[in-house]
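Structural characterization, general
So you can see what is in the structure, the chains are spelled out below.
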Amino acid sequence: MTDWLFSPAPTPSLPIHGSPQRFPVRRILCVGQNYAAHAREMGHDRAEPFFFTKPADAVVVDGADPVFPLATANLHHEVELVCAVGVGGTIAGWAVGCDLTRRDLQAAAKDKGRPWDAAKGFDQSAPCGPITPGPLPDPAALIALSVNGEVRQSGRLDDMVWNPDEILAKARTLWDVRPGDLIFTGTPEGVGPLQPGDRVEASIGGLEPLVFTVKPR
Ligand code: MN
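Just so we're clear, the structure is a prediction, and the values are computed from it rather than from any experiment.

Looking only at helices and strands, the chain features four helices and 17 strands. A principal-axis box enclosing the C-alpha atoms of the chain has dimensions of 55 × 40 × 35 Å. When burial is assessed residue by residue, the chain has 49% of its 217 residues classed as buried. Counting every atom, the chain has about 10,400 Å² of accessible surface; 53% of that belongs to carbon and sulfur. Both charge centroids of the chain, one from 20 positive and one from 26 negative side chains, sit 4 Å from each other.

We now examine the coordination of the manganese ion. Every protein donor of the manganese ion is listed here as Glu78 (OE), Glu80 (OE) and Asp99 (OD), and their distances to the metal cover 2.0 to 2.1 Å. All donors of the manganese ion belong to a single chain; written as a sequence motif, their spacing is E-x1-E-x18-D. One end of the pair, Glu78, is in the loop between strand S6 (75–77) and strand S7 (79–85); the other, Asp99, is in the loop between strand S8 (91–98) and strand S9 (101–102), with 21 residues separating them in the sequence. The same class applies to Glu78 and to Asp99, which are both buried.

Turning next to empty space enclosed by the protein. Sizing a probe to match a water molecule and rolling it over the atoms shows the empty space that remains. Counted according to the given criterion, the structure contains one cavity of 30 Å³ or more. Along the walls of the largest cavity sit 17 residues, with Gly32, Gln33, His38, Glu78 and Gln106 positioned nearest its centre. Every element with two or more residues in the lining of the largest cavity is listed here: strand S3 (27–32), strand S4 (50–54) and helix H2 (103–112). Considering every element that reaches the lining of the largest cavity, the biggest residue donor is H2, with three residues. Here the lining of the largest cavity is composed, by residue class, of five nonpolar, six polar and six charged.

With that settled, the discussion passes to the sheet that holds S7. If you walk across this open sheet you meet the six strands as S4-S3-S14-S7-S8-S11, and the pairing is mixed. Taken across any chain shown, the strands that pair with only one partner, and hence form the sheet edges, are S4 and strand S11 (132–133). The sheet contact formed by S7 and strand S14 (residues 181–184) spans three bridges and is antiparallel. Residue Val82 lies in a different strand from S14, and its bridge partner there is Phe184. Here helix H4 (residues 164–172) sits on the sheet and contacts S3, S4, S7, S8 and S14; the angle it forms with S8, its principal contact strand, is near 100°.

Another point: the sheet that holds strand S15 (residues 192–193). In space, the three strands of this open sheet follow the order S9-S6-S15, with antiparallel pairing throughout. Looking at strand neighbours, the two that pair on one side only are S9 and S15, the edges of this open sheet. Where S6 meets S9, two bridges bridge the pair, whose relative direction is antiparallel. Counterpart to Leu75 in the pairing with S9 is Arg102.

Rules behind the numbers
Residues numbered from 1 in each chain as written. Predicted model: local features only at pLDDT ≥ 70, side-chain atom pairs only at ≥ 80, totals over all residues. Heavy atoms only, no water. Helix = DSSP H or I, 4+ residues; strand = E, 2+ residues; numbered from the N terminus. Buried < 20%, exposed > 50% of the residue type's maximum accessible area, 1.4 Å probe, protein only. Areas by Shrake-Rupley, 256 points an atom, 1.4 Å probe, with all protein chains shown as cover. Lys, Arg positive; Asp, Glu negative; His and termini not counted. Charge placed at Lys NZ, Arg CZ, Asp CG, Glu CD. Donors = N, O, S within 2.8 Å, 3.2 Å for Na, K, Ca; no water. 1 Å grid on protein atoms, 1.4 Å probe; cavity = no way out; pocket = protein on both sides within 12 Å on 5 of 7 lines; lining within 4 Å. Points joined across faces, edges and corners; volume = space filled by probe spheres on them. Nonpolar A, V, L, I, M, F, W, Y, C, P; charged D, E, K, R; others polar. Pairing = 2+ DSSP bridges. Contact = heavy atoms within 4.5 Å. Axes fitted to C-alpha atoms, helices over the stretch in contact; angles between N-to-C directions.

So far we have only geometry, and geometry alone does not tell us how the molecule works.
Next comes the structure, spelled out in structure tokens:
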């Protein structure tokens, strides 16, 4: 009797700018507090970046709109440069991502010294734009996010405490980083709340923008 069996879920994948092929997502690593001003706004001094994860199927692709998540009254946006790991475990391309965060659950977890999974790794928590292959077009590019046309986050990639190569090297000391891994590299200051219906536009100079609307449940 196998009537309880099912087909494996499809592998989530991202479009590749200028190519008909797609980038299959293996897993998502994220760095915390990698811009000095954002670390300060969260109440930290210049801290050594650390990692958390999201499941691969948290990624939201092809301009789809994420649904406002369960169990939060304080959903936050965090615009981030995303590294796409290719053959050989090196960075093969780049994208604009948004690390959606249930800030109220994160605050409660921090308060009690508990894990961040429910705050960070929830369903549809990682909207991500198309991958631009090759070297990063401008390592000092502006990184920005606006909500309903109002700029909320604005910074520069060279304000990162650790640059992408350093983050990758650090990740390799903790995991076997493999093709298909995405690394979210942290957010500049200006994180803030999102409401159902908000239109989010996120950009990094030289990369394809990420645009989505938060869908009501
Ligand atoms: Mn983040």
